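So you can see what is in the structure, the chains are spelled out below.
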Amino acid sequence: MDRRTPLPVVVDDRHRRHDPPYELNAGQPVRPWERPERIDALRAGLADVPHRLVQAVPHDDAALLAVHDPGLVAFIDEGHARWREAGGPAVMIPDTFRSPRWASGARHGTAPLGAPGSWCFDTATPVVAGSAAAARAAVDVALTAADLLRDGAPIAYALCRPPGHHSGPDYYGGFCLFNNVAVAARSLTDGGRVAILDIDFHHGNGTQDVFWRDSDVLYASLHGDPGYAFPYFTGFGDEVGEGPGRGSTVNVALGRDTDDEVYLRALTAVCERIEAWAPATLIVSLGFDTAAADPIGAFALSTSGFHRIGRTIAALDRPLLLVQEGGYDLDGLGTDLASFLSGIR
Ligand code: SP5
Ligand code: ZN
């Protein structure tokens, strides 16, 4: 891709309003890994990358509702206010989870203090008063970047926060509120087949669910094996989609300490599947939690590994939408982003 044209980077400062004081990991309160400073670190990494900042443009709900249940959208928008009115504390984390195994059926119930457990699947995704505005902003960022591609840009980078790939049609979790990448992908299928390549350390269970039965969108992910890594229950290699979507889900589960060589070999094989899919648009769910120094990922990728990943993706030679997902090593994020982009362009 053309190095001289500045890279459009779509941003929205409303992300800062999602800043919970703690989350629960294995039942223990810890400072959130997914914090506003991540965006500062990524933007610092762009210092030597020719780019132009584009402010996100507000979009109506059509694209969001093409992916998510209206009940989930209403809960993200309003659930925290209802919880507060019912006496809940400032940080909303479920303590009781709705189960599909209840004999009376998986009804949502009516109690505002129970509602987070009806829509959320973990305890590591705290919601505060400003979270809804940030969730909306992240979707606007992704859709604004998708608009740039639709208008002919060869590449755009959506600096989304919070991330999105763990959020599904009717649930949220894994630090993700709305599924930014899925909303963008769905909005781009009018222009032909879409492929999503997910290189975050974690399996994108939400994106997989959105496109599980879909024949327009290929979802391909490389991630920590669910035998040891979050989200634990999805991302096994035998998950390939169903019905019309059978064969358009690709999962490659990798072991602890996966290094550049092993990762690049696996990525090359996945890119052959994408090439065969012949997508009109390629979207990357871009996580840097595969880095050796990442505090929650378990891989061992180096900064130069991200350059090689970028080159491998660039060789697919498709209009390219980059959507930010995870990556939690604040000291390495900027360098890893710059290295990745130097491979892409
Ligand atoms: C978007 C994304 O990357 N979401 C990841 C959600 C992971 N949530 C579980 C975090 C568990 C952290 N375990 C800490 C191990 C420290 N060595
Ligand atoms: Zn991740």
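For clarity, every value in this text was computed on a predicted model and none was experimentally measured. (Residues numbered from 1 in each chain as written. Chains lettered and ligands numbered in written order. Predicted model: local features only at pLDDT ≥ 70, side-chain atom pairs only at ≥ 80, totals over all residues. Heavy atoms only, no water.)

> Break down the overall build of the chain for me, citing the residues and quoting the values.
Secondary structure summary: the chain contains 10 helices and 10 strands in total. For 345 residues, the compact-globule formula gives about 20 Å, and the C-alpha radius of gyration of the chain, at 19 Å, lands near that figure. When the backbone C-alpha atoms are referred to their principal axes, the chain occupies close to 55 × 40 × 40 Å. Looking at the chain as a whole, 57% of its 345 residues are labelled buried. Pairs at least 24 apart in sequence give 79% of the contacts found in the chain among residues at least 6 apart. Surface exposure of the chain reaches about 13,600 Å², of which carbon and sulfur atoms provide 53%. Counting 29 positive and 44 negative side-chain charges, the chain places the centres of these two groups 2 Å from one another. (Helix = DSSP H or I, 4+ residues; strand = E, 2+ residues; numbered from the N terminus. Rg over C-alpha atoms; globule rule 2.2 N^0.38 Å. Buried < 20%, exposed > 50% of the residue type's maximum accessible area, 1.4 Å probe, protein only. Contact = heavy atoms within 4.5 Å. Areas by Shrake-Rupley, 256 points an atom, 1.4 Å probe, with all protein chains shown as cover. Lys, Arg positive; Asp, Glu negative; His and termini not counted. Charge placed at Lys NZ, Arg CZ, Asp CG, Glu CD.)

> Kindly report on the sheet that holds strand E8 (residues 249–254), identifying the contributing residues and their values.
One open sheet holds the 8 strands; their spatial order is E4-E1-E5-E10-E9-E6-E7-E8, and the pairing between them is parallel. With partners counted over all chains shown, the strands left at the sheet margins are strand E4 (51–55) and E8, one partner each. Geometrically, the sheet is characterised by an average inter-axis angle of 15 degrees between neighbouring strands, direction not taken into account. Here strand E6 (residues 194–198) runs beside strand E7 (residues 217–224); their pairing, made up of 5 bridges, is parallel. When the sheet's bridge partners are listed, Val194 is paired in E7 with Val217. Across the sheet, helix H8 (residues 260–277) lies against E6, E7, E8 and strand E9 (281–286), angled at about 175 degrees from E7, the strand it touches most. (Pairing = 2+ DSSP bridges. Axes fitted to C-alpha atoms, helices over the stretch in contact; angles between N-to-C directions.)

> Residues and numbers for the coordination of the zinc ion (ligand 2), please.
In the first shell of the zinc ion (ligand 2), the protein supplies Asp200 (OD), Asp200 (OD), His202 (ND1) and Asp289 (OD), at 1.9 to 2.8 Å from the metal. All donor residues of the zinc ion (ligand 2) come from one chain, and their arrangement in sequence is D-x1-H-x86-D. What makes His202 buried here is its relative accessible area of 7%. (Donors = N, O, S within 2.8 Å, 3.2 Å for Na, K, Ca; no water.)

> Could you give me a rundown of H8, with the residues and numbers involved?
Under the 1.5 Å per step criterion, the end-to-end length of H8 is 25 Å for 18 residues, consistent within 8% with the ideal 26 Å. Every buried residue of H8 is accounted for by Asp260, Tyr263, Leu264, Ala266, Leu267, Val270, Cys271, Ile274 and Trp277. Take H8 and look down its axis: the buried residues cluster within an arc of 165 degrees, on one side only. Counted as exposed and oriented over 90 degrees from the buried face of H8: Arg265, Glu272 and Ala276. A positive backbone phi angle near 50 degrees is found at Ala278, which sits one or two residues after H8. (Expected span 1.5 Å × (residues − 1). Arc of directions from axis to C-beta.)

> Describe the pattern of salt bridges, naming the residues involved and giving the relevant values.
In total, this model carries 14 salt bridges according to the counting rule given. Salt-bridge contacts for Asp77 lead to Arg136; the nearest nitrogen and oxygen are separated by 2.8 Å. Of the two residues, Asp77 sits in helix H3 (residues 70–85) while Arg136 sits in helix H5 (residues 131–150), which places them 59 residues apart along the sequence. (Salt bridge = Lys/Arg side-chain N within 4 Å of Asp/Glu carboxyl O.)

> Describe the environment of Ala269, naming the residues involved and giving the relevant values.
For Ala269, the position within the fold is in helix H8. Separated by 66 residues in the primary sequence, Ala269 and His203 have C-alpha atoms spaced 17 Å apart.

> Tell me what's going on with unusual backbone geometry, and back it up with residues and numbers.
With an omega dihedral of 0 degrees, the bond running from Arg161 to Pro162 counts as a cis peptide bond. Looking at the element boundaries, Pro162 is found in the loop between strand E5 (155–158) and helix H6 (180–188). Note the cis peptide between Phe230 and Pro231, where omega equals 5 degrees. Tracing the backbone shows Pro231 in the loop between E7 and E8. Phi at Tyr232 is positive, roughly 65 degrees, even though this residue is not glycine.

> Give a description of the layout of surface pockets that names residues and reports values.
In this structure, the largest pocket encloses a volume near 1,100 Å³. Around the largest pocket, the lining comprises 45 residues; the ones closest to its centre are Phe121, Asp122, Phe230, Pro231 and Phe233. For the lining of the largest pocket, the secondary-structure elements that each account for two or more residues are strand E2 (23–25), helix H4 (115–119) and helix H7 (205–210). Of the residues belonging to the lining of the largest pocket, the class tally is 24 nonpolar, 12 polar and 9 charged. (1 Å grid on protein atoms, 1.4 Å probe; cavity = no way out; pocket = protein on both sides within 12 Å on 5 of 7 lines; lining within 4 Å. Points joined across faces, edges and corners; volume = space filled by probe spheres on them. Nonpolar A, V, L, I, M, F, W, Y, C, P; charged D, E, K, R; others polar.)

> Residues and numbers for the nonpolar core, please.
Within the largest apolar cluster, 48 residues are counted, with the highest numbers of intra-cluster contacts made by Ile76, Tyr172, Ile196, Ile283 and Leu321. Looking at this core, the element that brings in the most residues is H5, giving 10 residues. When near neighbours in sequence (up to four residues on either side) are disregarded, Ile76 contacts Ala132, Ala135, Tyr172, Leu177 and Phe178. Ala229, Leu254, Leu264 and Phe299 belong to the second-largest nonpolar core, a separate cluster that totals 47 residues. (Core = buried A, V, L, I, M, F, W, Y, C linked by side-chain atoms within 4.5 Å.)

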